[in-house]
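Close look at the chain arrangement
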Amino acid sequence: MAFDWFKRKTQNITTSTEEKKVEFVSQSFTLITTDEKFISFRSTNEGLDFDEFKGKKAVLVDVFATWCPPCQKELAAVESKLWPEFKDNANFKLLVIGRDHTNEELKTYNTKKNFTFPLYADKGRVVFDSFASSTIPRSYLIDKDGKVIHISIGFNETEFSELMQKIEEAIK
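The present account deals with the structure reproduced in this document. Since this is a predicted model, take the numbers as computed values, not measurements.

Further remarks concern helix α2 (residues 103-113). Those residues of α2 not exposed but buried are N103, L106, Y109 and N110. Buried residues of α2, viewed axially, fall in a sector of 120 degrees; they line one side. Of the exposed residues in α2, those oriented more than 90 degrees away from the buried face are E104, T108, T111 and K112. Backbone geometry just after α2 places N114 at a positive phi near 60 degrees.

Structure representation (structure tokens):
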């Protein structure tokens, strides 16, 4: 994993429920899914930069932990509602990142939960710590231009429904 530390910039994102701020530390990441697929991206002063998806896909980055009760509720909603709706859409990519978990831990967890979406390991909280300091689950919806257009912190059904609508708008 390469690290290029620069500066933090705060972005204000307004949702219908509240205004949220996110700080990005400029650096590059490579994550491996539990099924051995790689994805690389950079956090920048403007948001998250996914070169392979730029101009093509909206990306939902969701950070969770296996021990977190609200995360379990959110991931169940991802499995039952979000993933079936968007998994085959060529304009969408889902990154579900296990904060401070290894691939082996996530494989065991996935076997237990029977999730059909890919999980990415973030051992050492490197990805999470680049743009958050606490509170999970945490989701960032990034549009095709790499701008964060929605942030969810914690989990509730109303905000999850709002996220689903924002994804629908972002993939058009």
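There is more to say after this.
A few words on the packing of aromatic side chains. For the coordinates displayed, the defined rule picks out 6 aromatic pairs. When the centroid spacing of 4.9 Å and the interplanar angle of 20 degrees are considered together, the rings of F115 and F117 count as stacked. Just as F115 is buried, F117 falls in that class too. Taken together, the aromatic side chains of F64, W83, Y109, F115 and F117 make up a single cluster linked through ring pairs.

The 5 strands lie next to each other as β8-β7-β6-β9-β10, forming an open sheet whose pairing is mixed. Pairing within the sheet leaves two strands with one partner each, and these edge strands are β8 (119-122) and β10 (148-153). Across the sheet, the mean angle separating the axes of adjacent strands is 20 degrees when strand polarity is ignored. Pairing analysis gives 5 bridges linking strand β6 (residues 58-64) to strand β9 (residues 138-142), with the strands arranged antiparallel. Bridge pairing in β9 links V61 to Y140. Along the sheet face, helix α1 (residues 69-86) touches β6, β7 (92-99) and β9 and points at about 160 degrees away from the line of β7. The strands touched by helix α4 (residues 157-170) within the sheet are β6, β7, β9 and β10, with β10 carrying the most contacts at an inclination of about 160 degrees.

Criteria and thresholds
- Residues numbered from 1 in each chain as written.
- Predicted model: local features only at pLDDT ≥ 70, side-chain atom pairs only at ≥ 80, totals over all residues.
- Heavy atoms only, no water.
- Buried < 20%, exposed > 50% of the residue type's maximum accessible area, 1.4 Å probe, protein only.
- Helix = DSSP H or I, 4+ residues; strand = E, 2+ residues; numbered from the N terminus.
- Arc of directions from axis to C-beta.
- Phe/Tyr/Trp six-rings, centres within 6.5 Å; stacked < 30°, edge-to-face > 60°.
- Pairing = 2+ DSSP bridges.
- Axes fitted to C-alpha atoms, helices over the stretch in contact; angles between N-to-C directions.
- Contact = heavy atoms within 4.5 Å.

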